[in-house]
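Chains, contacts and geometry: an overview
Chain residues, written in single-letter form:
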Amino acid sequence: MDIKHNANNIMLTSSEIAYLWAIYTLNSLAKYSFTYVIEKCKDDDIRSVFQFSLDLANTALEGVKSIFNSVKMPIPHGFNEKDVNMQGDNLFSDVLMLNLLKTSTSSGRTNYGNALPMAARLDVRQFITNCVTSTIELSNKIDEVELNKGIFLRTPYVQIRSEERRVGKEC
């Protein structure tokens, strides 16, 4: 017996709705924050990373809208241009903004990674998989800029011993 069902009629689960809602809200915040940073940024390399980030945020927003529209679900309100004062002074250095982007990108990778195993619908799984992949690409771009500028924050080095040492009575 071959079991089949219509995959196009699968409703969104509560987990899918929650993750997609969060993805939409956070990327709407990112969209307007990144637009502000791009406007104020003096460093071309850092600005290009934020432009790439803005493009990813816009893609994520469109992806969530598409999925929600397919099930006739309302689009979250999210953030908008009224939430950012584009005429405001630059509050932080370009390097600090890049470091904050690196931290938020790390959180995004974690959230997308948590969302993927909860996704039952194929379109949601594909969307979240694309988000994971593009977020990893963004992480690599951030690291490349930081390494090229000598601002990559490295963890401490450790001394490498020439021989193995065991913990115990002998040490």
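Read on for a plain summary of the structure. Just so it is clear, the structure is predicted and the values come from calculations on it, not from any experiment.

Quick look at the overall build of the protein now. In terms of regular secondary structure, the protein is built from four helices and zero strands. Secondary structure elements in the protein, listed N-terminal to C-terminal, are α-α-α-α. In terms of C-alpha radius of gyration, the protein reaches 21 Å, well past the compact-globule figure of 16 Å for 171 residues. Principal axes of the C-alpha set define a box for the protein whose edges measure 65 × 60 × 25 Å. When contacts within the protein are restricted to residue pairs at least 6 apart in sequence, those whose partners lie at least 24 apart make up 81%.

Along its 27 residues, helix 1 (residues 14-40) runs 39 Å from first to last C-alpha, staying within 8% of the 39 Å computed at 1.5 Å per residue. Among the residues of helix 1, Glu16, Leu20, Ile23, Tyr24, Asn27, Ser28, Ala30, Tyr32, Phe34, Tyr36, Val37 and Ile38 are the ones counted as buried. The inward-facing, buried residues of helix 1 contact helix 2 (44-70), helix 3 (94-115) and helix 4 (122-149).

This part covers the packing of aromatic side chains. Counted by the stated rule, this structure contains two aromatic pairs. Each ring, one from Trp21 and one from Phe68, has its centre 6.2 Å from the other, and the planes form 45°; the classification is tilted. Separated by 47 residues along the polypeptide, Trp21 in helix 1 and Phe68 in helix 2 bring together distant segments of the chain. The partly exposed category is assigned to Trp21, whose relative accessible area is 36%. On the numbers, 5.5 Å between centres and 70° between planes, the contact of Phe34 with Phe50 is edge-to-face. Taken as a pair, Phe34 in helix 1 and Phe50 in helix 2 lie far apart in primary sequence, 16 residues in all.

Let us look at the packing of helix 2 against helix 4. Packing of helix 2 against helix 4 brings their axes to within 10 Å, and their N-to-C directions diverge by 175°. By the angle class used here, helix 2 and helix 4 are roughly antiparallel. Taking contact as the criterion, the partners of Asp45, Ile46, Val49, Phe52, Ser53, Leu56, Thr59, Ala60, Gly63, Val64, Ile67 and Ser70 in helix 2 are, on helix 4, Asp123, Val124, Phe127, Ser134, Glu137, Leu138, Lys141, Ile142, Val145 and Lys149. Residue composition of the contact of helix 2 with helix 4, grouped by class: twelve nonpolar, five polar and five charged.

Turning to unusual backbone geometry, a few remarks are in order. Unusually for a residue other than glycine, Lys72 sits at a positive phi of about 60°. Among the structural elements, Lys72 can be located in the loop between helix 2 and helix 3.

One can find Asn27 in helix 1. Taking relative accessible area as the criterion, Asn27 reaches 11% and is therefore assigned buried. Excluding residues within four positions of it along the chain, Asn27 makes contact with Ala57, Ala60, Leu61 and Tyr112.

What follows covers the environment of Ser93. Considering the arrangement of structural elements, one finds Ser93 in the loop between helix 2 and helix 3. In this structure, the C-alpha to C-alpha distance between Ser93 and Val37, residues 56 residues apart in sequence, is 9.8 Å. Here Leu96 takes part through its backbone nitrogen, which lies 3.1 Å from a polar atom of the side chain of Ser93.

Rules used throughout
- Residues numbered from 1 in each chain as written.
- Predicted model: local features only at pLDDT ≥ 70, side-chain atom pairs only at ≥ 80, totals over all residues.
- Heavy atoms only, no water.
- Helix = DSSP H or I, 4+ residues; strand = E, 2+ residues; numbered from the N terminus.
- Rg over C-alpha atoms; globule rule 2.2 N^0.38 Å.
- Contact = heavy atoms within 4.5 Å.
- Expected span 1.5 Å × (residues − 1).
- Buried < 20%, exposed > 50% of the residue type's maximum accessible area, 1.4 Å probe, protein only.
- Phe/Tyr/Trp six-rings, centres within 6.5 Å; stacked < 30°, edge-to-face > 60°.
- Axes fitted to C-alpha atoms, helices over the stretch in contact; angles between N-to-C directions.
- Parallel < 35°, antiparallel > 145°, perpendicular 65-115°, else oblique.
- Nonpolar A, V, L, I, M, F, W, Y, C, P; charged D, E, K, R; others polar.
- Polar contact = N/O pair within 3.5 Å; in protein donor to acceptor, adjacent residues only side chain to side chain.

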